[in-house]
Amino acid sequence: MIKYDLREYKKLTNKQYQIEKYRLQVELLKLQEDVIKHKRRIVILFEGRDSAGKTGTIQLFSRYLIPSSMNYINLGVPSKSESKNWFKRYERKWPKKDADGKITFFDRSWYNRALIEPTLGYCSQRQYKNFLNKVNSWEKKQINKGIELTKFYLSIDRKTQQNRLKTRKNSPIKYWKFSESDAKIISKYDVFTLYKEQMFEKTSTTISPWIVINANNKKIAQITAMHYILNKIDYENKIVLEPIKSNDDISNYTYNFEGEVFSNLTYSQYNILSKYLG
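Residues numbered from 1 in each chain as written. Predicted model: local features only at pLDDT ≥ 70, side-chain atom pairs only at ≥ 80, totals over all residues. Heavy atoms only, no water.

1. Focus on the environment of Leu 24
And step 1. When you line up the elements, Leu 24 lands in helix α1 (residues 14-37).
And step 2. Once the C-alpha coordinates of Leu 24 and His 227 are considered, the two residues, 203 residues apart in sequence, prove to be 6.9 Å apart. (Helix = DSSP H or I, 4+ residues; strand = E, 2+ residues; numbered from the N terminus.)

The structure is reproduced here in structure tokens:
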């Protein structure tokens, strides 16, 4: 398991964040062009608790990528057949060999069976243990076939999750995102933690480690994940980006919440809004 934390990103102003995001998105497009040219198959999955920011991070990754050469995968509730043939369900969604090069993003993944399913009782303990016994060899097999796999876990603390889910539930424009599972998961924080730690212990391998990113601040988590990918993967015309440095003394932070813009904030004020409103 790798905890990836860039101190330089801790106190970026909004202007600095926008500059850094642009630099990273330019490099991501160069990476995708290399993927297309050489018919590479890149798979990037995002796991984490509900409201950790998985979907938003993928949206930032993919905003300026060529749509025809990327896939976004977010599978719903599995059928009985899919539940029994767990790995096949996801393997069908992986980029195909000898096809055009693609980057595939998984918004949650086969690791549902290691996290959300056992936490909420959606799978049996037999299914859970069977998954842990097989997943490493299955991933190794896919990697040996040419898949370039990165596994991100976006980590948030209990208070951050509670605040984000409360905000989601009470929002007049985001209330529909508050699901039945969200309502259940609030009281299952410690149970989820137990399964998360077991997942890290059993499934973080040398060839397929978990990359853990602190996601209490969504924006910082997003560009941190982008920075990791661009430093890890080689591609033509690559520029190795040093993280832009923040200015701790400047009071020029901006926070946007559902269309309401809060300007000229100190970092402390910005951090409070970000933590409690999501």
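2. Remarks on empty space enclosed by the protein
And step 1. One pass over the full model with this rule turns up two cavities of 30 Å³ or more.
And step 2. Quantified by volume, the second largest cavity comes out at close to 40 Å³.
And step 3. Lining the second largest cavity are Leu 24, Glu 27, His 227, Leu 230, Asn 231, Tyr 235, Ile 239, Val 240 and Leu 241.
And step 4. Element by element, the count of residues in the lining of the second largest cavity is highest for helix α10 (residues 218-232), at three residues.
And step 5. Along the lines of polarity and charge, the residues of the lining of the second largest cavity split into six nonpolar, two polar and one charged. (1 Å grid on protein atoms, 1.4 Å probe; cavity = no way out; pocket = protein on both sides within 12 Å on 5 of 7 lines; lining within 4 Å. Points joined across faces, edges and corners; volume = space filled by probe spheres on them. Nonpolar A, V, L, I, M, F, W, Y, C, P; charged D, E, K, R; others polar.)

3. As for the pairing of strand β4 (residues 102-107)
And step 1. Judged by how many residues are buried, β4 sits mostly within the fold: five of six residues are covered.
And step 2. Judged from the four bridges that link them, strand β3 (residues 70-73) and β4 form a sheet pairing that is parallel. The residue bridging Met 70 from the neighbouring strand is Ile 103, located in β4. (Buried < 20%, exposed > 50% of the residue type's maximum accessible area, 1.4 Å probe, protein only. Pairing = 2+ DSSP bridges.)

4. Quick word on unusual backbone geometry
Phi is mostly negative for residues that are not glycine, and the peptide bonds are mostly trans.
And step 1. A positive phi angle, close to 80 degrees, is found at Ser 51, a residue other than glycine.
And step 2. Summarising the element assignment, Ser 51 is placed in the loop between β2 (41-48) and α2 (54-62).
And step 3. Phi is positive for Asn 237, which is not a glycine, with a value near 60 degrees.
And step 4. With respect to the helices, strands and loops of the structure, Asn 237 is situated in the loop between α10 and β7 (253-257).
And step 5. Here Asn 237 falls in the exposed class, since its relative accessible area comes to 63%.

5. Things to note about the packing of aromatic side chains
To describe a pair of aromatic rings, you give the distance between the ring centres and the angle between the ring planes.
And step 1. Applying the stated criterion across every chain yields a total of 20 aromatic pairs.
And step 2. Here the aromatic rings of Tyr 111 and Phe 131 are separated by 5.5 Å at their centres, their planes lie at 85 degrees, and the arrangement is edge-to-face. Of this pair, Tyr 111 sits in the loop between β4 and α5 (116-120) while Phe 131 sits in helix α6 (residues 125-144), and the two are 20 residues apart along the sequence. The pair formed by Tyr 111 and Phe 131 is uniform in burial state, with each residue classed as buried. (Phe/Tyr/Trp six-rings, centres within 6.5 Å; stacked < 30°, edge-to-face > 60°.)

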